[in-house]
Amino acid sequence: MANEQDLLSTEIVNRGIESSGPNAGSPTFSVRVRKRLPDFLHSVNLKYVKLGYHYLINHGIYLATIPVLVLVFSAEVGSLSREELWRKLWEDARYDLATVLGFFGVFVFTLSVYFMSRPRSIYLVDFACYQPHDDLKVTKEEIIELARKSGKFDEASLQFQKRILKSSGIGDETYVPKSVIMSSENCATMKEGRAEASTVIFGALDELFEKTKVRPKDIGVLVVNCSIFNPTPSLSAMIINHYKMRGNILSYNLGGMGCSAGIIAVDLARDMLQSNPNNCAVVVSTENVGYNWYPGRDRSMLIPNCFFRMGCSAVLLSNRGRDYRRAKYRLEHIVRTHKGADNRSFRCVYQEEDEQKFKGLKVSKDLMEIGGDALKTNITTLGPLVLPFSEQLLFFGTLVWRHLFGGKTGPGLHPSSSPSSKKPYIPDYKLAFEHFCVHAASKTVLDELQRNLELSDKNIEPSRMTLHRFGNTSSSSIWYELAYLEAKERVRRGDRVWQLAFGSGFKCNSVVWRAMRRVRKPTRNPWLDCIDRYPVNLSL
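Residues numbered from 1 in each chain as written. Predicted model: local features only at pLDDT ≥ 70, side-chain atom pairs only at ≥ 80, totals over all residues. Heavy atoms only, no water.

Chemist: Would you mind showing me how to read the overall build of the chain here?
Modeler: Scanning the chain for helices and strands turns up 17 helices and 15 strands. Each of the 540 residues in the chain was classed as buried or not, and the buried ones make up 49%. Considering only intrachain contacts with a sequence separation of at least 6, the fraction spanning at least 24 residues in the chain is 78%. Element-wise, carbon and sulfur atoms account for 56% of the exposed surface of the chain, whose accessible area totals about 27100 Å². (Helix = DSSP H or I, 4+ residues; strand = E, 2+ residues; numbered from the N terminus. Buried < 20%, exposed > 50% of the residue type's maximum accessible area, 1.4 Å probe, protein only. Contact = heavy atoms within 4.5 Å. Areas by Shrake-Rupley, 256 points an atom, 1.4 Å probe, with all protein chains shown as cover.)

Chemist: What's the story with the sheet that holds strand β10 (residues 329–338) in this structure? I'm lost.
Modeler: Whether parallel or antiparallel, the strands of a sheet pair through hydrogen bonds between backbone atoms. Spatially, nine strands are ordered β7-β6-β8-β9-β3-β10-β15-β14-β13 in an open sheet, and the strand pairing comes out mixed. Bordering the open sheet on either side are β7 (250–254) and β13 (435–438), each of which pairs with just one other strand. Pairwise comparison of adjacent strand axes, ignoring direction, gives a mean angle of 20° for this sheet. In the sheet, β10 pairs with strand β15 (residues 507–515) via nine bridges, with the strands oriented antiparallel. By the bridge assignment, His333 is partnered in β15 with Val512. (Pairing = 2+ DSSP bridges. Axes fitted to C-alpha atoms, helices over the stretch in contact; angles between N-to-C directions.)

Chemist: How should the environment of Val438 be read in this particular structure?
Modeler: With respect to the helices, strands and loops of the structure, Val438 is situated in strand β13. Between the C-alpha atoms of Val438 and Pro462, which are 24 residues apart in sequence, the distance is 8.2 Å. Not counting residues up to four positions away in its chain, the partners in contact with Val438 are Leu446, Leu449, Ile460, Ser463, Ile478, Glu481, Leu500 and Phe502.

Chemist: For this particular structure, what's the right way to read a positive patch on the surface?
Modeler: Together, Lys458, Arg492, Arg518 and Arg520 give the surface a local cluster of positive charge. The exposure class of Lys458 is exposed, given its relative accessible area of 57%. (Patch = residues over 30% accessible without salt bridge, like charges linked within 9 Å, V, L, I, M, F, W, Y side chains within 5 Å. Salt bridge = Lys/Arg side-chain N within 4 Å of Asp/Glu carboxyl O. Lys, Arg positive; Asp, Glu negative; His and termini not counted. Charge placed at Lys NZ, Arg CZ, Asp CG, Glu CD.)

Chemist: How do you make sense of unusual backbone geometry when you look at a structure like this?
Modeler: Outside of glycine, negative phi angles account for most residues, and trans bonds account for most peptide bonds. Note that the residue after Thr232, namely Pro233, is joined by a cis bond; omega there is 0°. By the element assignment, Pro233 lies in the loop between β6 (221–226) and α9 (235–243). With an omega of 5°, the peptide bond running from Gly505 to Phe506 counts as cis. Here Phe506 is to be found in the loop between β14 (496–503) and β15. The phi dihedral of Lys357 falls on the positive side, at around 70°, and the residue is not glycine. Look at Ser474: it is not a glycine, yet its phi comes out positive at around 65°. Within the secondary structure, Ser474 is located in the loop between α16 (457–470) and α17 (477–487).

Chemist: Looking at this structure, I do not really get a nonpolar patch on the surface. What am I missing?
Modeler: A surface patch of nonpolar side chains, about 380 Å² in accessible area, is lined by Phe104, Phe107, Val108 and Leu111. Mapped onto the elements, Phe107 comes out in helix α4 (residues 97–117). When its relative accessible area of 46% is taken as the criterion, Phe107 is described as partly exposed.

Chemist: Looking at this structure, I do not really get the confidence of the model for the chain. What am I missing?
Modeler: Note: predicted coordinates in regions of low pLDDT should not be interpreted at a detailed level. On average, residues of the chain score 84 in pLDDT, and 76% of them are at 70 or above. Across residues 40–44, where pLDDT falls below 50, the model places 19 contacts with residues more than four positions away in sequence or in other chains. (pLDDT = per-residue confidence, 0-100.)

Chemist: Honestly, helix α10 (residues 261–275) in this entry has me stumped. Any pointers?
Modeler: Structural remark: α-helix, 3.6 residues per turn; residues separated by three or four positions point the same way. The end-to-end C-alpha separation of α10 is 21 Å, in line with the 21 Å expected for 15 residues at 1.5 Å each. Those residues of α10 lying buried are Ala261, Gly262, Ile263, Ile264, Ala265, Val266, Asp267, Ala269, Met272 and Leu273. (Expected span 1.5 Å × (residues − 1).)

Chemist: Could you clarify how one ought to interpret the UniProt feature "transmembrane region" (unreviewed entry) in the chain in this entry?
Modeler: Mapped onto this numbering, the UniProt entry gives "transmembrane region" (unreviewed entry) at residues 55–75, 95–115 and 249–269. Here residues 249–269 is 43% helix and 24% strand, with 12 Å between the C-alpha atoms at its ends. (UniProt positions renumbered as here; feature names shortened; annotations may be inferred.)

Chemist: Would you explain the nonpolar core in this entry?
Modeler: Soluble globular proteins tend to pack their nonpolar side chains together in the buried interior. Of all hydrophobic cores here, the largest spans 131 residues; its most connected members are Ile201 and Leu317. Beyond its immediate stretch of four places on either side in the chain, Leu317 contacts Ile122, Tyr123, Leu124, Val266, Ala269, Leu273, Asn279, Cys280, Ala281, Val283 and Trp513. (Core = buried A, V, L, I, M, F, W, Y, C linked by side-chain atoms within 4.5 Å.)

Chemist: Quick question: what am I supposed to make of the pairing of strand β9 (residues 312–318) here?
Modeler: Across a regular strand the side chains alternate sides, sitting on one face of the sheet and then on the other. Within β9, seven of the seven residues are buried, which leaves it mostly tucked inside the rest of the structure. On β9, burial covers both faces: Cys312, Ala314, Leu316 and Ser318 on one face and Ser313, Val315 and Leu317 on the other are all buried. The pairing of strand β3 (residues 123–129) with β9 spans six bridges and is classified as antiparallel. Each residue of the ladder has a partner; that of Asp126, found in β9, is Leu316. Strand direction decides the pairing type here: strand β8 (residues 280–286) and β9, joined by seven bridges, are antiparallel. Note on β9: the bridge partner recorded for Val284 is Ala314.

Chemist: How do you make sense of the packing of aromatic side chains when you look at a structure like this?
Modeler: Each pair of aromatic rings is reported with the distance of its centres and the angle of its planes. Taken as a whole, this structure holds 16 aromatic pairs when the rule is applied. For the ring pair Phe202 and Tyr243, a centre distance of 5.8 Å and an interplane angle of 85° mean the geometry is edge-to-face. Of this pair, Phe202 sits in helix α8 (residues 190–212) while Tyr243 sits in helix α9, and the two are 41 residues apart along the sequence. With a relative accessible area of 14%, Phe202 lands in the buried category. Aromatic side chains Phe470 and Tyr480 sit 4.8 Å apart centroid to centroid with 45° between the ring planes, which places their arrangement in the tilted category. With a gap of 10 residues between them, Phe470 in helix α16 and Tyr480 in helix α17 connect regions that are remote in the sequence. Both residues of the pair, Phe470 and Tyr480, belong to the buried class. Ring pairs connect the aromatic residues Tyr175, Phe470, Tyr480, Tyr484, Trp527 and Tyr534, which therefore count as one cluster. For the cation-ring pair, Lys211 lies above Phe127, with the distance from its terminal atom to the ring centre recorded as 5.8 Å. The side chain of Arg469 reaches across the aromatic face of Phe470, ending 4.7 Å from its centre. (Phe/Tyr/Trp six-rings, centres within 6.5 Å; stacked < 30°, edge-to-face > 60°. Lys NZ or Arg CZ within 6 Å of the ring centre and 35° of its normal.)

Okay, here's the thing in structure tokens:
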């Protein structure tokens, strides 16, 4: 466990001009101390590295034997001239036809078994992100005014929310549902929840079906994830009813799985497509803001009110060969990490009632530390799958040397990369990916992730701009970030995209895509009306 002092960061906050008291008219400042993510790359657990290398070892037989066979075959063929080679092949085929036919049969059989047993390629044909109407757009000041007019919050709670919003990284064009804007009564009702869910979900799906020209009846697998709002019938049943989908559709509804549930839904859809050839799957990721709007005064439960905003994504996946040419991305890897066995991790984001019996989402002060531990495990497992071999060799060598010999310096190691140095060799994940879509949870989380992963401002730009423009849209945020990259026309053929999300449980999940072609600016995209204004300078 990291030293407690190493996990603390300080920040000087300008609290404005004192309005009353002996210091009236004078500027006031305060020092804020908070926990930050641990330097998880400096304390990597060897067992998670071994787990990642396990994936590679499964294919080690091919890596070991194929070069030897090629070397032997090359040596044998290289000793013959072209005329001698053709004469030998003709004589063998002429006098030993059974051997030739047997060899050819074994070759065809082996090739057939290989292609039949390998996993089917999963393609991302296209996706859509819902953009709410402008009448749902609110500024940070309007959020505070809405809270004040509701009469549910005391002045201390209002000032707390105002301070959180000021440092949140959220802009003045995010969206909240009508139930929050127009109602001073309870907005967490089933009626309001269904209205919000149908608005965002049908909006995203209508756009997806229009872009892909796929009929709803052609969809064979449907996976919906929404953490907070889980009515009966389910949201997946609501979609099937609305679009009159076919009766044998495989539908799933994931609830209570937090902001990382979008990647879990993709993983489930992939498994279904692997066992159902020539099929399409739709993954819908959303969260219900109004249903979880907290009207109490517990500060740990007020934080979600400040960050969560309306949003929804719909993704079309396919394993059909005819979708290869029009697909945007191919699924490469999914790595999932779950820390739910630990009690602190399990309760760090917890839905419960406060002392006044108001339902809300309680966020623990240990969230940063717990999230850092889950992230460390996830990226350590992912590393061997995606890092170049040179990076893997350096990383694994220094890690093993550090594990076995501790403070001794390894022979031939440069002092800067020596395992005995305070800072061991850190893999450069920028060599594995061209684009990063990190869940836009908050400005503080993105700051710490950028520092720990040593990402550039451009690497983290999609996440920061998504947080500024749309707020924290929960599990759909990573798709708004990919939409940002497409609107900027940054995705080219062969580029690798890393989507990273984390959420309650505690879970941290990664998915890696490879671009099948250069992605031109889409005709439908939530960023089109404002992309020329981004990136914005968030330091102002």
